[in-house]
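Commentary on secondary and tertiary structure
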Amino acid sequence: MRCSFFGIDLRFPVMIAPSAMHGQAHEDGEKATARAAVRAGLYVFKRRDITEAIVKKAEALGYRALCLTVDAPITGRRERDLRSGFTVSDAMGQLPNIQMLGNVVNQQLVEFEAQKDLTLDWSIITWLKSICNLPVIAKGILHPADARCAIKAGAAAIVISNHGGRQLDSTPATIDVLPAIAAEVRGEIPIFLDGGIRRGTDVFKALGPGGPAETAQTEATEATFGSCGGF
Ligand SMILES: Cc1cc2nc3c(=O)[nH]c(=O)nc-3n(C[C@H](O)[C@H](O)[C@H](O)COP(=O)(O)O)c2cc1C
C-alpha cells in the first residue's frame, strides 16, 4: 500500500528521514511518532542563516524532503498541557539542532518561541527551494484556497492536517476537508493526510469516494517521491 503518514512540525521546516517514507506500522506506535516529531522538529528562525544551516545539514545527511509546518505560527493555548503542567525538558538543549542556535536559545521554551519568525508567508517556500534541492511539503492545509496558495508557491506536496487538534480547538476533521481539497488539487501535486488514522479502515476511508484516489494523486505522488509517497 502506497501510503505514508508522518508526524512532524508546524510553521517550520521539518525533515523527513528516508525511512519515514515507507508507511509501515511499528510496535511502538504513537510513542515512536512522538519521538520522531521531537527529533525532527525544525523551525524557521528570525535568523535565516541558522535555518539555512539546518536545511543544508539535512540535505547533506540524505534527507529527501523538507516538511514545512504552516499551521502554527505561534503555539496554541494547549489546555491539556497547562492542566498536566507540561514543560520542555532542559535535555532539549542537547539536541544538535538546538545547539546550533548557540546563545540565541537559552533552552527555555519561552525564549525558543521568541526566536521563531512569525512573519512567514508563502514566499518562505520559494526561499527554502532557493537554498536546497529538496522538495518542500506544506503541512497543515485545511482549505482548498490554501492548497492553491501552496501550489502557486511551489510546494511539491501538501499535508492535510489539523495538527492532531493540538494546536487549535474546533478545527475541522481532516477527513471532512479532504474531498474539497482533492477536488482543487486534482493531481497537480501529491496529497498527504494525517489525523485520526488509527486503523487500516481509516486509510480506506481517506482513499474512498471524493478522495484523492479519484483525482489521480497516485501518479503525481510517484512522479515526485517515487513509489513511497502519500495519496
Ligand atoms: C507529541 C506530538 C508532537 C507533535 N509535534 C508536532 C510538531 O512539532 N510539528 C507538527 O507540525 N506537528 C506536530 N504534531 C502533530 C502531528 O504531526 C500530526 O499532525 C498529528 O499528530 C496527527 O493527528 P493524530 O495524532 O490524530 O494522528 C505532533 C503530534 C504529537 C502527538
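It should be emphasised that the depicted structure is a prediction, and the values quoted were computed from it without experimental measurement. (Residues numbered from 1 in each chain as written. Predicted model: local features only at pLDDT ≥ 70, side-chain atom pairs only at ≥ 80, totals over all residues. Heavy atoms only, no water.)

1. Considering the overall build of the chain
- Counting secondary structure elements, the chain contains ten helices and five strands.
- Buried positions account for 44% of the 231 residues belonging to the chain.
- A fraction of 76% describes how many contacts in the chain between residues 6 or more apart in sequence connect residues 24 or more apart.
- In the structure as shown, the chain presents an accessible area of about 12000 Å², 53% of it carried by carbon and sulfur atoms. (Helix = DSSP H or I, 4+ residues; strand = E, 2+ residues; numbered from the N terminus. Buried < 20%, exposed > 50% of the residue type's maximum accessible area, 1.4 Å probe, protein only. Contact = heavy atoms within 4.5 Å. Areas by Shrake-Rupley, 256 points an atom, 1.4 Å probe, with all protein chains shown as cover.)

2. Description of the packing of helix α7 (residues 144-153) against helix α8 (residues 174-185)
- One way to put it is that α7 packs onto α8 with a least axis distance of 8 Å and a crossing angle of 35 degrees. For the pair α7 and α8, the sense of crossing is right-handed. For the pair α7 and α8, contact is made by Pro 144, Ala 147, Arg 148 and Ile 151 and by Ala 180, Ile 181, Glu 184 and Val 185, respectively.
- Residues of the contact of α7 with α8, tallied by class, amount to six nonpolar, no polar and two charged. (Axes fitted to C-alpha atoms, helices over the stretch in contact; angles between N-to-C directions. Left-handed = near helix turned anticlockwise from the far one by under 90°. Nonpolar A, V, L, I, M, F, W, Y, C, P; charged D, E, K, R; others polar.)

3. Overview of the pattern of salt bridges
- Under the counting rule described, the total for this entry stands at five salt bridges.
- Put simply, Lys 205 and Asp 202 hold a salt bridge, and the shortest N to O gap is 3.6 Å. Placement of the pair is Lys 205 and Asp 202 together in helix α9 (residues 200-206), with a separation of three residues, close to one helical turn.
- Of the residues examined, Lys 205 reaches a relative accessible area of 56% and is grouped as exposed.
- Residue Asp 202 is classed as buried on the basis of its relative accessible area of 13%. (Salt bridge = Lys/Arg side-chain N within 4 Å of Asp/Glu carboxyl O.)

4. Some details on the state of the cysteines
- Scanning all chains against the criterion turns up zero disulfides.
- Summary of cysteine pairing: Cys 67 is not part of a disulfide, and the nearest cysteine sulfur, belonging to Cys 132, is at 13 Å.
- A relative accessible area of 0% means that Cys 67 is categorised as buried.
- Here Cys 149 is not cross-linked by a disulfide; its sulfur's nearest cysteine counterpart is in Cys 67, at 17 Å. (Disulfide = S-S within 2.5 Å.)

5. Focus: the environment of Gly 196
- If you trace the backbone, Gly 196 turns up in the loop between β5 (191-193) and α9.
- Overall, the relative accessible area of 47% leaves Gly 196 in the partly exposed class.

6. As for the confidence of the model for the chain
- Of the residues in the chain, 68% have a pLDDT of 70 or more, and the chain-wide mean is 76.
- A low-confidence stretch, residues 1-23 (pLDDT under 50), is modelled with 108 contacts involving residues beyond four sequence positions or located in other chains.
- Per-residue pLDDT stays below 50 along residues 227-231; that stretch engages in 28 contacts with residues further than four places along the chain or on separate chains.
- Across the whole predicted complex the pTM is 0.75, and at the interface the ipTM reaches 0.97. (pLDDT = per-residue confidence, 0-100.)

7. Some points on the pairing of strand β4 (residues 157-160)
- Residues Ala 157 and Val 159 of β4 are buried on one face, and the alternating residues Ile 158 and Ile 160, pointing to the opposite face, are buried as well.
- Pairing of strand β3 (residues 136-141) with β4, which is carried by four bridges, proceeds in the parallel orientation. Residue Ala 138 lies in a different strand from β4, and its bridge partner there is Ile 158.
- What joins β3 to β4 is α7, and the crossover it makes is right-handed.
- Where β4 and β5 come together, three bridges link them in parallel fashion. In the sheet register, Ile 158 faces β5, and the bridge partner there is Ile 191.
- Taken together, β4, α8 and β5 constitute a β-α-β crossover, and its handedness is right-handed. (Pairing = 2+ DSSP bridges. Right-handed = clockwise from strand over helix to strand, strands pointing away.)

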